[in-house]
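The primary structure of each chain is shown beneath.
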Amino acid sequence: MTNDPRELIDSSPMSKWQLSAIVLCVLLVSLDGFDVLSISFAAPGIAREWGIDRAGLGIVLSMELIGMGVGAFILGHLADRFGRRPTILFSLAVMSSGMYLASIASSVVMLSTIRLVTGLGIGGILASVNAMAAEFSNRRCRNLSVSLMAAGYPLGVIIGGSIASLLLASFDWRAVFLFGAILTLVFLPLAWLLMPESISYLMHKRPAGALQRINRCLKRMGHAAIESLPPEPAEQPHTSMTRLFRPDLMRITLLLSVAYFTHIMTFYYLIKWIPKLVVDMGFSPALSGSVLVWANVGGVSGAVLLGLLSRRYPVRSLVIGSLVCAAMMVAVFGTGQSTLTQLSLVAAVAGFFTNAAIVGMYALFAQAFPTEVRAGGTGFVIGAGRGGAVLGPVIAGFLFESGQGGLLMVSMLMAVGSLIAAVALFVLPQREVAESPAGVVSEA
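Residues numbered from 1 in each chain as written. Predicted model: local features only at pLDDT ≥ 70, side-chain atom pairs only at ≥ 80, totals over all residues. Heavy atoms only, no water.

(A) How the structure looks around the overall build of the protein chain. When its secondary structure is counted, the protein chain shows 15 helices and two strands. Radius of gyration (C-alpha) of the protein chain: 21 Å, near the 22 Å computed for a compact globule of 444 residues. Each of the 444 residues in the protein chain was classed as buried or not, and the buried ones make up 60%. The long-range share in the protein chain, meaning contacts at least 24 apart out of those at least 6 apart in sequence, stands at 83%. Carbon and sulfur atoms make up 68% of the accessible area of the protein chain, which totals about 16,600 Å². (Helix = DSSP H or I, 4+ residues; strand = E, 2+ residues; numbered from the N terminus. Rg over C-alpha atoms; globule rule 2.2 N^0.38 Å. Buried < 20%, exposed > 50% of the residue type's maximum accessible area, 1.4 Å probe, protein only. Contact = heavy atoms within 4.5 Å. Areas by Shrake-Rupley, 256 points an atom, 1.4 Å probe, with all protein chains shown as cover.)

(B) Focus on the packing of helix 4 (residues 84-103) against helix 5 (residues 108-135). Across the interface, helix 4 lies against helix 5 with an axial gap of 8 Å and an inter-helix angle of 150 degrees. Taken together, helix 4 and helix 5 sit at an angle that is classed as roughly antiparallel. The hand of the helix 4/helix 5 crossing is left-handed. Tallied by class, the residues present in the contact of helix 4 with helix 5 amount to 15 nonpolar, seven polar and four charged. (Axes fitted to C-alpha atoms, helices over the stretch in contact; angles between N-to-C directions. Parallel < 35°, antiparallel > 145°, perpendicular 65-115°, else oblique. Left-handed = near helix turned anticlockwise from the far one by under 90°. Nonpolar A, V, L, I, M, F, W, Y, C, P; charged D, E, K, R; others polar.)

(C) Main features of the packing of aromatic side chains. Taken as a whole, this structure holds eleven aromatic pairs when the rule is applied. Taking NZ or CZ as reference, Arg 85 lies 5.0 Å from the ring centre of Trp 192, over its face. (Phe/Tyr/Trp six-rings, centres within 6.5 Å; stacked < 30°, edge-to-face > 60°. Lys NZ or Arg CZ within 6 Å of the ring centre and 35° of its normal.)

(D) Structural detail: helix 5. The end-to-end C-alpha separation of helix 5 is 41 Å, in line with the 40 Å expected for 28 residues at 1.5 Å each. With 21 of 28 residues buried, helix 5 lies mostly within the body of the structure. (Expected span 1.5 Å × (residues − 1).)

(E) Expanded view of the side chain of Asp 35. Summarising the element assignment, Asp 35 is placed in helix 2 (residues 16-50). One buried charged residue, Asp 35, forms no salt bridge at all, with the nearest opposite charge on Arg 115 at 6.6 Å. Discounting residues that sit within four places of it in the chain, Asp 35 has contacts with Met 95, Met 99, Arg 115, Ile 122, Gly 180 and Thr 184. (Lys, Arg positive; Asp, Glu negative; His and termini not counted. Salt bridge = Lys/Arg side-chain N within 4 Å of Asp/Glu carboxyl O.)

(F) Molecular detail of the state of the cysteines. Applying the stated criterion across every chain, the model contains zero disulfides. Here Cys 217 is not disulfide-linked; the sulfur of Cys 25 is the nearest cysteine sulfur, at 13 Å. Taking relative accessible area as the criterion, Cys 217 reaches 6% and is therefore assigned buried. (Disulfide = S-S within 2.5 Å.)

(G) How the structure looks around the pattern of salt bridges. Counted according to the given criterion, the structure contains nine salt bridges. Here Glu 49 and Arg 174 are joined by a salt bridge, their closest N and O atoms 2.8 Å apart. Taken as a pair, Glu 49 in helix 2 and Arg 174 in helix 7 (residues 174-194) lie far apart in primary sequence, 125 residues in all. A residue is classified by how much of its surface remains accessible, and Glu 49, at 40% relative accessible area, is partly exposed. Arg 174 gets classed as partly exposed once you look at its relative accessible area, which sits at 22%. A salt bridge links Arg 84 to Asp 80; its shortest N-O distance comes to 2.7 Å. One exposure class covers both Arg 84 and Asp 80, and it is buried. Salt bridges sharing common partners tie together Asp 80, Arg 84, Glu 135 and Arg 374.

(H) Looking closely at a nonpolar patch on the surface. Taken together, Tyr 100, Leu 101, Ile 104, Met 110, Leu 178, Ile 182, Val 186, Leu 190, Trp 192, Leu 193 and Leu 194 make up a surface patch of nonpolar side chains, about 1,100 Å² in accessible area. Listed by contribution, the elements that provide at least two residues to the nonpolar patch are helix 4 and helix 7. Looking at the nonpolar patch element by element, the count peaks at seven residues for helix 7. Its place among the elements puts Ile 104 in the loop between helix 4 and helix 5. The partly exposed category is assigned to Ile 104, whose relative accessible area is 43%. (Patch = residues over 30% accessible without salt bridge, like charges linked within 9 Å, V, L, I, M, F, W, Y side chains within 5 Å.)

(I) Spatial organisation of the nonpolar core. Core analysis: the largest hydrophobic core is formed by 133 residues, its most contacted members being Leu 256, Tyr 269, Tyr 362 and Leu 425. With 18 residues, the single largest contributor to this core is helix 2. Residue contacts for Tyr 269: discarding those within four places in its chain leaves Leu 277, Val 330, Phe 333, Gly 392, Ala 396, Phe 400, Leu 407, Val 410, Ser 411 and Met 414. (Core = buried A, V, L, I, M, F, W, Y, C linked by side-chain atoms within 4.5 Å.)

(J) Region of interest: the packing of helix 5 against helix 6 (residues 142-170). Put simply, helix 5 and helix 6 touch, their axes get as near as 8 Å, and they point 150 degrees apart. Viewed along their axes, helix 5 and helix 6 adopt a mutual orientation that is roughly antiparallel. Note on packing geometry: the crossing formed by helix 5 with helix 6 is right-handed. Contact residues: Val 129, Asn 130, Ala 133 and Ala 134 in helix 5; Arg 142, Ser 145, Val 146 and Met 149 in helix 6. Looking at the contact of helix 5 with helix 6 residue by residue, the class counts come to five nonpolar, two polar and one charged.

(K) Quick look at helix 9 (residues 210-221). Taking 1.5 Å of rise per residue, the twelve residues of helix 9 would be expected to cover 16 Å, and the 17 Å separating its terminal C-alpha atoms lies within 8% of that figure. Among the residues making up helix 9, those that are buried are Ala 210, Ile 214, Asn 215, Cys 217, Leu 218 and Met 221. All buried residues of helix 9 lie within an arc of 160 degrees about the axis, which places them on one face of the element. The outward face of helix 9, more than 90 degrees from its buried face, is lined by the exposed residues Arg 216 and Lys 219. (Arc of directions from axis to C-beta.)

Pasting the structure below:
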C-alpha cells in the first residue's frame, strides 16, 4: 500500500464522487462557452441598433477574447500558487458581474470594455478547470475526462444558444446577456459547495490542514485515510512561469502555443461570424442562432468521440487528423449554401472537426505540464492562443470590408490556421511529461 494519494487515485477505478467532480467541471466550461458566444448571438441586433459595420463588429466580437488571454495567463498562474478552487470562485464572480453590465451597456466603447473584463474570468475558468479535470481523474480516464470537460464549451453554446434564440424572438439582444448573468450567478454557490481543492495541488503546496483536506476527499472517493503525507522531494519543483521555458518544457510550450494560436484563429472565425453571415444571406437573427447551435452540436460530438478514441489511440495523432479535416470543412463552408438545412449540416461537420482538435489539445496540455505548472502552463498556452482568437474575427472582418475577398476566399485563408497547427503538433516531441510518486518531473 502507498501513502501517496496521487498513486491511489491514478490506479483506482473512478468513484461516483470523482465522476460528479468531472461533471461539475463540464458544467463550468459549458457556462464559459455560452458566456463567450453570447456576443455572437447578440451581434446582429447590436450591429443593427448601433449601426456598426463588419470591421467594427469584428473588433467588438474579439474584446472578451483579449480578456480571456490575459485572464488565462494571469489567473492560471495564480491557480498554481493559491489554488484552483479560489481562482474558479473569483472567476465566476467576475463573469457574472460582466454579463450583467453588458446587458445595460449604452455604447460600443462601454460594451467593448465590459466584454474585455468579462473575458478575464472566462480565461481563469478555462485554465483552472482543465487542471481540476486532469487531477481528479485516474490515469486510464484522464484524457477522456479532459476531453469531456472541454466538450462542455460547445454544449453550453447549444443549450444556451437555443434559449438565446427564443429570447431574441421576443426581446432585444440585451436579454441574452441578462440570462447569462443570472445563470453564472447560480453557479457561484454550487462551486463553493461542491468544488473541493485538487489533491495534487494540496500535495504539491502542502498548506495548513492539507492532510485533513486530502483525507476528506479520499473518504468521499471510498478510500481509507492516510496517516501522514509522504516526504517532500529534496528539491521542490519550480512553480514560476520561467519553469515553462526550461530545457525540458520550452519546446513543448512553444509548439503547443503555436498550434493553439493558429487553430483557434480558424475556429473563432467560424464561430464568431456564422450568425452575421447567415443573416447576410437573408435569414432572420433567430434562425442564424440555430446554425451556430448546429455547429456546436457537431462540436460536442467531435469532442466526445475524440475522448473515447483517446483511450485506444494517441491523442496527438487524433488531433492532427482533426486539424486537417477542420481546414477542409472551413473551406467548404466558404463555398456557400442555399438552404438553412445545408448551412446547418456544413456548420455541424465543421464544428465536429474544429472542436475535436481543440479538446484534444486540452488533453495534450494536461499531459505535457506537471502539477506545479499545470494550470499556469495551460493558462500560458491559452493566453498566447487567444491572440489567434482575437485576430480571427478581426482579420476576417477587414477582409470582408476591404472587398478583396468574398466568403470563399476569406474562408480558405482562415482555414490555413488549422493546417499550420497540424504541422506544429507533427513536430511536437513524442513524449509525455509525467510525475513520479514524489512529485519530481520525469519523462515517460
